[in-house]
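What follows is each chain in one-letter form.
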Amino acid sequence: MASFLERVIQVKRKEIREDRDYIAELERLIQERAKFFDFVSALKNCRTKIIAEVKKASPSMGRIREVKPSQQAKLYESAGAVAISVLTDREFFNGSLEDLREVREAVSVPVLRKDFIIHKVQVLEAKAYGADTLLLIVRILSPRELGELISFSRELGLEPLVEVFSLEEAKVALDHGATVIGINNRDLDTLKVDINLTKELAPKIKELGAKFVIAESGIETREQIEELTGYNVDAFLVGTSLMKSEDPYAKLKELLGFGCRK
Ligand SMILES: O=C(O)c1ccccc1NCC(=O)[C@H](O)[C@H](O)COP(=O)(O)O
């Protein structure tokens, strides 16, 4: 049986559209884009930085909660999220590019396109539908593809969040010019979460020269955030614990704590 990531790549390959009309439509949308928010500046904020995720379903949880993406994103913004992540994958996360557009129109903080990006057309889509940054996963790309997608994202003004699961992958990412590195605590084969991965890798990745390190997945408590902050983590990507909460505004406030920590 194909692994989860192999199935994802099969789906993405079928979804990607390269026809001229579609590319022209994306380029038109990019020309018309009015708002742009700087992801890297948002990461320089001195308080706890949380990228809050709109995630209606996932392979590990199944259906989490059916929400209106714009409403959930507005709650996140008002509670103090520095950016909003939007899952755009339909097959495994029940998301869409329309969700991304809806969130972009609703908030005034940077928006991340969270998907399995393997082709330049998906980068164009991210920009056209309002993303200010996008996720690139080292594990599903060859080093050459990673380098090309980082460069192409930057040409469009998008500084990518480059996701790694090991020090070796972090070295590949940094060698190809990545500045924002995400450590995913969720093993994408077993889907199990272990935040010790961030504790092990974050200080080493910072030492290798990463400007920003983001801890991704499995974050549920303020205590975890305080603990991980001690390991040189700059920001946190949080989805499930916010989506599961009956009161995502209060939950995000609780995770954020108060004040500036330099
Ligand atoms: O969330 C999943 O089940 C999942 C499974 C396979 C690949 C990726 C997956 N999640 C993507 C993410 O990276 C998370 O949505 C993000 O880090 C937030 O994690 P969490 O707070 O644990 O929802």
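Our subject is the structure listed above.
Throughout what follows, the structure given in this document is the object of discussion. This structure is a prediction, so every number in the text was calculated from the model and none was measured.

## Quick word on the sheet that holds strand β4 (residues 83-87)
- Taken in spatial order, the eight strands of this closed barrel run β1-β4-β5-β6-β7-β8-β9-β10, and their pairing is parallel. When the angles between neighbouring strand axes are averaged without regard to direction, this sheet yields 25°.
- Across four bridges, the pairing between strand β1 (residues 50-54) and β4 is parallel. Its bridge partner lying in β4, valine 54 is registered against valine 86.
- In the packing of helix α4 (residues 69-79) onto the sheet, contacts are made with β1 and β4, and the angle to β1 comes to roughly 165°.

## Considering the side chain of glutamate 216
- Structurally, glutamate 216 is set in strand β9 (residues 212-216).
- Buried charge without a salt bridge: glutamate 216, with lysine 114 as the nearest opposite-charge side chain at an N-O distance of 4.8 Å.

## Details of helix α9 (residues 196-207)
- Here α9 spans 18 Å end to end across twelve residues, near enough to the 16 Å set by a 1.5 Å rise per residue.
- Listed in full, the buried residues belonging to α9 are Thr198, Lys199, Leu201, Ala202, Ile205 and Lys206.
- With its phi angle positive at about 115°, glycine 209 sits one or two positions after the end of α9.

## Some words on the site of the ligand
- Taken together, 19 residues form the shell around the ligand, and within it Glu53, Lys55, Ser60, Lys114 and Thr240 come nearest.
- At 3.5 Å from an oxygen atom of the ligand is found a side-chain nitrogen or oxygen belonging to serine 58.
- Within the side chain of lysine 114, a nitrogen or oxygen atom sits 2.6 Å from an oxygen atom of the ligand.
- When atoms are counted within 2 Å of each cavity's grid points, the one that captures over half of the ligand is the largest pocket.
- Classifying every residue of the shell around the ligand gives seven nonpolar, seven polar and five charged.

Cut-offs and rules
- Residues numbered from 1 in each chain as written.
- Predicted model: local features only at pLDDT ≥ 70, side-chain atom pairs only at ≥ 80, totals over all residues.
- Heavy atoms only, no water.
- Pairing = 2+ DSSP bridges.
- Helix = DSSP H or I, 4+ residues; strand = E, 2+ residues; numbered from the N terminus.
- Axes fitted to C-alpha atoms, helices over the stretch in contact; angles between N-to-C directions.
- Contact = heavy atoms within 4.5 Å.
- Buried < 20%, exposed > 50% of the residue type's maximum accessible area, 1.4 Å probe, protein only.
- Lys, Arg positive; Asp, Glu negative; His and termini not counted.
- Salt bridge = Lys/Arg side-chain N within 4 Å of Asp/Glu carboxyl O.
- Expected span 1.5 Å × (residues − 1).
- Near = heavy atom within 4 Å.
- Polar contact = N/O pair within 3.5 Å; in protein donor to acceptor, adjacent residues only side chain to side chain.
- 1 Å grid on protein atoms, 1.4 Å probe; cavity = no way out; pocket = protein on both sides within 12 Å on 5 of 7 lines; lining within 4 Å.
- Sits in = over half its atoms within 2 Å of the grid points.
- Nonpolar A, V, L, I, M, F, W, Y, C, P; charged D, E, K, R; others polar.

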